[in-house]
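A structural walkthrough
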Amino acid sequence: MVEKPLDLVSTVVSPLLLLLLAAGGVAAADLEPVPAASLEAAAAEKAVPADESAGAVTNEEQPADETLPATMEQPPAVGIEPPSPAAEEPAAQPPVEGAPLPEDERQVEVLEQKGGSLGYNFVFGDDYRGRAMEYGFLKSSRNGGLFYRHMEKDTNLELEGFYLNENDYHADLLMDYKGDYRLHLRTESLYHNLDRELLFSPSFTSGRTDAPTPATYTAVQDPVANYGVSVVQDRADFRYRLHNFPLHVNLGYWRYVKEGTIQQRFADTAFEGATNFIYAQRRGVDQQVQEGRVGLDSHLGPVDLVYDFKVRYFEDRLPTPVQAYEIRNHFNGAEDFRGGVRQHNENPDSSFFSHTIKLHTSLAGGLVGSGSYSFEQRENLSELTDTTGARHMKSYLQNAAGDLIYTPSREYSFAVKYRRQEIDHNKRDPLNNTAFADPVIAAKAPIETTRDLVTGTISYRPTLHLALVGEYRGDFLRRNNVTELPTEMTWGLPESTSTHTGSLSAYYRPVKGLRSSATYSYASADHPAYGASFQNRHEAKLLATYTLNNRWGLTSHAIFRRDQNDEVRKYLVNYPFEPLSFSLAPITSRSTNSENANIGAWWVPFRGLTVGANYSYLHQEVEQGVFFTGVVVGSEAASQFSSRSHVYGVNANYTLSEKSDLAVAAQQIRSSAAFTPSDTSFSLTSSTDGIKEITAQNTVITSLSARGEYRFTSALSTTLEYTFNDYNELKSAYQSYSGTVHAIVAALAAKW
């Protein structure tokens with residue numbers, strides 16, 4: 001790629017001059033003097049009372065005693081018939097003051113606004129910049145925006161958009177005609193920079209099960225490259241309302257497109273064979289999701305009815321990658337995996353559709369009820385050629401819900417909510433894969449579940465300043481195709497798990513400007529399903545805000561959580577490995593503690609200046625036993641994972657004058673994390689030594705931004721914005737991800 005020098009004249013100056021000339025012409029038109037004749041006519045018009053029409057004789061000019069008798073009335077002009085008394089229209093009644101006019105006779109002032117901006121976005125930096133600016137395209141570009149608003153009695157039109165670069169933009173169009181037709185179009189795009197992971201080096205050897213000689217493990221690293229994907233979302237929504245009937249027809253379309261490149265990491269390894277490889281390769285991304293929606297909603301007397309139909313299709317528009325794999329024998333020497341060029345890491349196409357029906361009573365009454373039911377189907381549309389049996393696998397989801405809310409008085413409110421979900425799968429046939437000597441693969445059937453969720457809430461407000469809320473939540477989950485111990489065809493999970501949660505909340509406003517709330521909840525589960533699941537959970541939330549005369553304020557919140565699970569189940573592989581069987585390891589425990597807190601303050605020392613500061617603290621710690629060298633007795637060690645972050649921030653906004661504003665903000669994040677197993681030796685050649693050192697991270701992220709705006713006139717302004725982002729890994733193992741990004745955005749805007 002050839003880098004071209006930046007041409008400031010054609011890239012920046014020329015578009016800005018055009019916008020400046022256009023805005024200047026508009027401003028000059030607003031200040032153009034009115035001709036003298038027009039001023040005189042306006043003055044004469046202003047001197048006439050508002051209730052006198054042109055050419056009419058006022059009552060003051062006609063004496064009261066000059067009224068002609070009926071016999072002296074002049075005859076009508078030739079050719080004009082005298083009006084018939086019966087045809088005379090009744091005298092117009094004066095309008096009643098304050099009475100609303102009919103909708104067709106209302107006069108609404110037309111509002112029209114339009115404007116735009118042109119500028120340039122300068123982006124530059126040092127070292128690896130993907131983490132310093134994770135979401136942002138790392139190339140300089142022109143930028144611009146526009147908006148247009150036209151609002152009148154029957155028609156509203158709003159158009160707004162901004163273009164930063166080819167991968168970062170948005171546009172929005174909203175049209176409405178009498179509330180009967182409404183169209184909303186929106187498109188937006190962002191860019192996500194992705195990491196390039198570094199594999200191990202150099203190669204190493206380890207034991208194997210099919211021969212006494214060691215096997216070699218080699219990493220195949222991809223060339224240096226920048227990875228990232230752009231994500232585009234397009235949406236179109238149309239609503240039609242029957243003018244004289246309470247019915248809406250809703251049509252919608254949504255599209256999601258992801259394009260770019262990623263680093264694909266995969267392995268060709270086994271306990272059998274002499275050579276093993278870990279690969280990191282560049283892989284293109286071109287995926288699309290399209291969704292269509294049709295819906296109806298209507299007010300049918302005491303209830304409202306809603307129906308919604310959705311259909312969605314996911315498509316990976318690039319072929320599935322392939323790789324040459326090694327031949328692998330069974331550990332007893334029999335032929336097993338034939339190797340050769342095989343597909344891997346497919347993103348299978350899929351389809352989805354759903355029907356949803358909702359029904360609810362009026363939301364304004366003391367008793368409100370609602371219910372809904374939905375049916376969903378998801379289908380796998382895999383296009384693998386060496387594996388068959390996965391295509392057309394289907395999953396079915398059914399969801400039902402019912403709510404009842406009763407408010408007998410201002411002090412009390414009661415609510416009961418029920419949810420039910422059922423997940424089923426169609427009958428699965430065995431998979432066939434030509435890469436194996438025995439191509440028939442018996443795969444485990446997926447778990448089918450039924451989940452019931454019941455919630456009861458009581459709200460009590462004894463005073464206007466105090467509210468108490470109590471809630472019970474019961475979550476009941478049932479599974480099939482599970483057994484006490486895992487097998488080749490079943491999953492090792494409990495048949496049911498019931499979780500009960502109770503909470504109490506208080507919302508209090510003791511004095512003007514002060515708001516506070518506190519919540520405590522306790523949850524208990526009888527059969528935790530996974531190692532990370534909790535058996536008991538305590539959680540507390542605190543919130544307080546205070547504002548005094550819009551001059552200064554404080555806000556703070558904190559969340560504390562304690563999870564404990566004393567029934568962590570792990571399974572050991574029995575020897576010999578064939579037939580495959582498992583046994584239960586000794587029960588272990590897992591505990592998780594987390595604390596998150598934030599405090600912020602703002603102050604207005606004098607008119608035009610606002611300053612603020614905030615501090616956040618986040619901490620999490622997990623303790624549990626972990627298998628290291630295998631799923632056998634003696635390979636487990638007690639371990640701890642901890643992470644801690646401190647976030648500091650300051651900001652200020654200053655209005656220098658009616659024409660200029662300044663804003664600055666700075667933030668620094670200091671975070672650390674480490675995985676620390678206890679010092680344990682599993683054999684003469686394996687232990688937990690060095691694991692903490694290679695997993696520990698210590699990161700400092702610093703950001704600074706400054707923005708200034710100057711308004712030449714009410715129609716013309718300019719802005720200059722600078723941002724600085726620095727990502728610094730202090731541990732040597734991760735310093736390759738450190739980098740700095742500077743961005744300068746200059747723009748000229750006009751509106752009229």
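Residues numbered from 1 in each chain as written. Predicted model: local features only at pLDDT ≥ 70, side-chain atom pairs only at ≥ 80, totals over all residues. Heavy atoms only, no water.

The next thing to look at is the overall build of the protein. Helix and strand counts for the protein stand at three helices and 39 strands. A separation threshold of at least 6 residues defines the contact pool for the protein, and within that pool the share at least 24 residues apart is 60%. For the protein, the computed accessible surface area is about 46,600 Å², with 59% contributed by carbon and sulfur atoms. (Helix = DSSP H or I, 4+ residues; strand = E, 2+ residues; numbered from the N terminus. Contact = heavy atoms within 4.5 Å. Areas by Shrake-Rupley, 256 points an atom, 1.4 Å probe, with all protein chains shown as cover.)

As a further point, take unusual backbone geometry. Looking along the chain, the bond that leaves Ser-201 and enters Pro-202 is cis, with omega of 0 degrees. Note that Pro-202 resides in the loop between strand 5 (181-194) and strand 6 (204-206). One non-glycine residue, Lys-178, lies in the positive phi region at around 60 degrees. Locating Lys-178 in the fold gives a position in the loop between strand 4 (168-177) and strand 5. By relative accessible area, which is 40% here, Lys-178 ends up partly exposed. A positive phi angle, near 55 degrees, is found at Asn-549, a position not held by glycine. Its place among the elements puts Asn-549 in the loop between strand 29 (536-548) and strand 30 (552-568). (Buried < 20%, exposed > 50% of the residue type's maximum accessible area, 1.4 Å probe, protein only.)

Tracing the backbone through its elements, the reader meets Leu-453 in strand 23 (residues 449-463). The sequence separation of Leu-453 and Phe-476 amounts to 23 residues, and the corresponding C-alpha distance is 6.4 Å.

Formed by Val-123, Tyr-128, Ala-132, Met-133, Leu-138, Tyr-727, Tyr-734, Tyr-737, Val-741 and Ala-743, the largest nonpolar core amounts to ten residues. In this structure, Tyr-279, Tyr-325, Phe-337 and Ala-435 belong to the second largest nonpolar core, which totals five residues. (Core = buried A, V, L, I, M, F, W, Y, C linked by side-chain atoms within 4.5 Å.)

Turning to a nonpolar patch on the surface, a few remarks are in order. On the surface, a nonpolar cluster with roughly 810 Å² of combined accessible area is contributed by Leu-367, Leu-404, Tyr-406, Tyr-412, Phe-414, Val-416, Ile-458, Tyr-460 and Leu-468. Of all the secondary structure elements, the ones that give two or more residues to the nonpolar patch are strand 19 (394-406), strand 20 (412-425) and strand 23. Along the chain, Phe-414 falls in strand 20. (Patch = residues over 30% accessible without salt bridge, like charges linked within 9 Å, V, L, I, M, F, W, Y side chains within 5 Å. Salt bridge = Lys/Arg side-chain N within 4 Å of Asp/Glu carboxyl O.)

The three strands are arranged 18-21-22 in an open sheet whose pairing can be described as antiparallel. Each edge of the open sheet carries a strand with a single partner, namely strand 18 (387-388) and strand 22 (440-441). (Pairing = 2+ DSSP bridges.)

In the sheet, strand 16 (residues 349-361) pairs with strand 17 (residues 367-381) via twelve bridges, with the strands oriented antiparallel. Its bridge partner lying in strand 17, Thr-356 is registered against Ser-374. With antiparallel pairing between neighbouring strands as the criterion, strand 16 and strand 17 make up a hairpin whose turn holds five residues. Pairing between strand 17 and strand 19: 13 bridges, direction antiparallel. Paired with Gln-377 across the strands is Tyr-396, a residue of strand 19.

Turning next to the pattern of salt bridges. Taken as a whole, this structure holds 34 salt bridges when the rule is applied. Here Asp-195 makes a salt bridge to Arg-131, at a shortest N to O gap of 2.8 Å. Taken together, the residues span a long stretch of sequence, with Asp-195 in the loop between strand 5 and strand 6 and Arg-131 in the loop between strand 1 (111-127) and strand 2 (141-151) at a distance of 64 residues. On the basis of relative accessible area, Asp-195 is assigned to the partly exposed category, the value being 24%. Across the pair Glu-335 and Arg-338 runs a salt bridge, and its minimum N-O distance is 3.6 Å. Counted as one network, the salt bridges with shared partners bring together Arg-235, Asp-237, Arg-293 and Asp-308.

Further remarks concern the side chain of Ser-505. Within the secondary structure layout, Ser-505 lies in strand 27 (residues 496-508). Within the local environment of Ser-505, its side chain forms a polar contact with the side chain of Thr-519, the two groups lying 2.9 Å apart. (Polar contact = N/O pair within 3.5 Å; in protein donor to acceptor, adjacent residues only side chain to side chain.)

With 86% of its residues at a pLDDT of 70 or more, the protein shows a mean pLDDT of 87. Across residues 1-92, where pLDDT falls below 50, the model places 32 contacts with residues more than four positions away in sequence or in other chains. (pLDDT = per-residue confidence, 0-100.)

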